[in-house]
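Summary of the model geometry
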There are 2 protein chains.
Amino acid sequence: MPKIDIASVPLKTGSTYPEPYNAEMEGRSSLKLGDAGGLTQFGANLVMLAPGAKSSLRHYHMEQDEFAMVTQGTCTLIDDHGETPLSVGDCVAWPAGDANGHHIVNTSPEEARFLVIGTRTPTETGYYSDIDMMVKDDAKGFAFTRKDGTPIEGND
Amino acid sequence: MPKIDIASVPLKTGSTYPEPYNAEMEGRSSLKLGDAGGLTQFGANLVMLAPGAKSSLRHYHMEQDEFAMVTQGTCTLIDDHGETPLSVGDCVAWPAGDANGHHIVNTSPEEARFLVIGTRTPTETGYYSDIDMMVKDDAKGFAFTRKDGTPIEGND
């Protein structure tokens, strides 16, 4: 049955970020709708942001296109251009390789939600604009490091 | 600016289907939002269905994942399992290669809208469940034929 039984999709909370960055992701949760429907070529996730929560740390992808549509509430796109208010129906596109670090923050007093799509590719590199962190995904797995490739934990 | 200026995106009407099938697509229009935002790896289109209109002829993709979320009104998913009502927030996923011909029909008296995402791949084959038509997309281009590969026009 192609219709996704949203109520049965497990709620994902927290992030895969190493500490201390994981602690910044409080109030963000998501439903992996595309995975629930058996898709593999892109992720299609419904992201839920409590007041004050952010979608991610500000980042950009080198190999993966990303697209989002706000489906509930109001929130704010923050990127190299500044702050852009978003409301239901607003859409944002981030082409692969565009070095414009971005995230979506809920600055409103109500929950905000958006659907986000991201291509899945065999390899990927992502950079975090405001901190000394990058992520690589390849045949060896998914790993966060400092931008010079050294480990994050235990270096401070 | 990653936020898409939806009002400036050209409205696409009609279809690329050959006649007589193109005539069945009246009342369907779409906005190619992902293209407007510079994306190339997947299409992200807002499809608008007037009452009685359909998203496409019933079809399935061999190589491309597809995902849709209803954003306005109510409509009906029609596939090999029968009819499934859809309303705002409902999501549907069609994995590549699943031979379950599907489309979305607006059986309501009000306009319905959904966001649909489809992977872009170097080659693709699609089959139309209810008619003798298939589509191939490859280095030679995009072409509709009968399922035996012969031309559609002029064969009746």
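Here the structure is shown first, and the text comes after it.
Quantities reported herein were computed from a predicted structural model and do not represent experimental measurements.

Conventions used here
Residues numbered from 1 in each chain as written. Chains lettered and ligands numbered in written order. Predicted model: local features only at pLDDT ≥ 70, side-chain atom pairs only at ≥ 80, totals over all residues. Heavy atoms only, no water. Helix = DSSP H or I, 4+ residues; strand = E, 2+ residues; numbered from the N terminus. Rg over C-alpha atoms; globule rule 2.2 N^0.38 Å. Disulfide = S-S within 2.5 Å. Buried < 20%, exposed > 50% of the residue type's maximum accessible area, 1.4 Å probe, protein only. Contact = heavy atoms within 4.5 Å. Buried area = accessible area lost by both parts, 1.4 Å probe. Salt bridge = Lys/Arg side-chain N within 4 Å of Asp/Glu carboxyl O. Least-squares fit on C-alpha atoms with pLDDT ≥ 70 in both.

A few points about the overall build of chain A
Across its full length, chain A holds one helix and 13 strands. Starting at the N terminus, the α and β elements of chain A follow one another as β-β-α-β-β-β-β-β-β-β-β-β-β-β. Taken over the C-alpha trace, chain A has a radius of gyration of 16 Å; the compact-globule value for 156 residues is 15 Å, and the two agree within 12%. Each of the three principal axes of chain A carries a C-alpha extent, and together these read 40 × 35 × 25 Å.

Description of the state of the cysteines
Residues and elements named next belong to chain A. Across all of its chains, the model carries zero disulfides over all chains by this definition. The thiol sulfur of Cys 91 is not disulfide-bonded, and the nearest other cysteine sulfur, from Cys 75, lies at 11 Å. Residue classification places Cys 91 among the buried residues on the basis of a relative accessible area of 0%.

Some remarks on the interface of chain B and chain A
On the side of chain A, 41 residues touch chain B, which itself brings 41 residues to the contact. Roughly 3,000 Å² of surface becomes buried between chain B and chain A when both sides are summed, with 71% attributable to carbon and sulfur atoms. Sorting the residues of chain B by area buried against chain A places B:Pro2, B:Lys3 and B:Gln41 first, and these three jointly supply 20% of that buried surface. Counting the contacts that link chain B with chain A gives two salt bridges.

Let's talk about the pattern of salt bridges
All names here are of chain A. Taken as a whole and judged by the stated rule, the model has 14 salt bridges over all chains. Residue Asp 130 is joined to Arg 58 by a salt bridge in which the shortest nitrogen-to-oxygen separation is 2.8 Å. With Asp 130 in the loop between strand S11 (124–128) and strand S12 (133–138) and Arg 58 in the loop between strand S3 (42–49) and strand S4 (59–61), this residue pair connects regions lying 72 residues apart in the sequence. Residue class for Asp 130 comes out exposed when judged on its relative accessible area of 52%. The residue Arg 113 makes a salt bridge to Glu 111 at a minimum N-O spacing of 2.5 Å. A relative accessible area of 25% means that Arg 113 is categorised as partly exposed. Members of the salt-bridge network, linked through shared partners, are Arg 58, Asp 80 and Asp 130.

Here we look at the relation of the copies chain B and chain A
For the pair chain B and chain A, the superposition axis carries a translation of 0.0 Å, the fit reaches an RMSD of 0.0 Å, and the rotation angle comes to 180°. Those values place the two copies in the arrangement expected of a two-fold rotation axis. When the interface residues of chain B are mapped onto chain A, 100% of them are again interface residues, pointing to one common binding face.

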